[in-house]
Amino acid sequence: MNQNVMPELPRFTIGNQAPGFPELRAGNLGVRLATTAEELNAAQALRYRVFYEEMGAKADAPTRAAKLDQDEFDAIADHLLVVDHDLGEGAAGVVGTYRLIRQEAAEAFGRFYSESEYDISALKTFPGRKLELGRSCTATAYRNRMVMQLLWRGIAAYVFHYGIELMFGCASLTGTEPDRLAEELTYLSLHHSAPETIRPRALPERYVEMRRLPPETIDPKRALMRLPPLIKGYLRLGGFVGDGAVIDNQFNTTDIAIIVQTDLVTEKYYRHYEREAR
């Protein structure tokens, strides 16, 4: 998750981030898009607490001073928020976030975030509309199935609204020693490799081999159990992985490329929202 820290971002405008669907509620929790600069700031502050203070990412001086995880892609993205209305109606209630970058925004900007780690030229030839996912996190007290399901309901609503056919992005495993993640990486490469026609490949200078163990030594059930919840969630949605991992020393992670075709998104999320929207 390499980033170029920007002390000041362009002014948050609602033109590119216009709400595409009404807030979805589950009790005191809701999921919707950020609509103000204050809400974006709250999402960046949450990302800083999770990625830097909790997970050990290395912050430079401006990042430490601002206590915000921010980069140039935030200004072109939509920011999905989970809001706890018991804490507040706006920025004060932000307890989860997901960054969404549509194909049109990335093309106008010149690139997707993932292109700092992966060659996605094959994926770009896919004829449908694309969405890059990233910077997902939730506050500690909200790491449960209900919140993850609410985030996915929000993504499904967004996908439906914008006619997205392919989602992709970088997902992370904690740590920068791939041999310590050998079983997980080997399992992902053996069992979930993307079709060649859409398969991202780690950039040559950053490429780390994923198949690190003989296939016969892998216990698929154990390897799957060891994966982070977010990656397991992608796999449940029919997700694939790219070719090669990437070490991100700044964020203390080993990254993989994830691809999800939205026609494989489970009935629980996408079809449910499609029926409700009619």
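See above for the structure.
Residues numbered from 1 in each chain as written. Predicted model: local features only at pLDDT ≥ 70, side-chain atom pairs only at ≥ 80, totals over all residues. Heavy atoms only, no water.

### Digging into the packing of aromatic side chains
- Enumeration according to the criterion identifies nine aromatic pairs in this entry.
- When the centroid spacing of 5.0 Å and the interplanar angle of 15° are considered together, the rings of tyrosine 48 and tyrosine 52 count as stacked. Of the two residues, tyrosine 48 and tyrosine 52 both sit in helix H1 (residues 37-54), four residues apart, roughly one turn of that helix.
- Ring centres of tyrosine 98 and tryptophan 152 lie 6.3 Å apart, and the angle between their planes is 65°; this geometry places the pair in the edge-to-face category. In this pair, tyrosine 98 sits in strand S4 (residues 94-102) while tryptophan 152 sits in helix H5 (residues 145-162), placing the two residues 54 residues apart along the sequence.
- Members of the aromatic cluster, joined through ring pairs, are Tyr48, Phe51, Tyr52 and Phe251.
- A cation over a ring is seen here: arginine 99 above tyrosine 113, with NZ or CZ 5.5 Å from the ring centre.
- Just above the ring of tyrosine 162 sits the side chain of arginine 102; from NZ or CZ to the centre is 3.9 Å. (Phe/Tyr/Trp six-rings, centres within 6.5 Å; stacked < 30°, edge-to-face > 60°. Helix = DSSP H or I, 4+ residues; strand = E, 2+ residues; numbered from the N terminus. Lys NZ or Arg CZ within 6 Å of the ring centre and 35° of its normal.)

### Details of unusual backbone geometry
- A positive phi angle, close to 50°, is found at arginine 135, a residue other than glycine.
- Relative to the helices and strands, arginine 135 is located in strand S6 (residues 129-138).
- On the basis of relative accessible area, arginine 135 is assigned to the buried category, the value being 4%.
- Even without glycine at this site, asparagine 252 takes up a positive phi of about 60°. (Buried < 20%, exposed > 50% of the residue type's maximum accessible area, 1.4 Å probe, protein only.)

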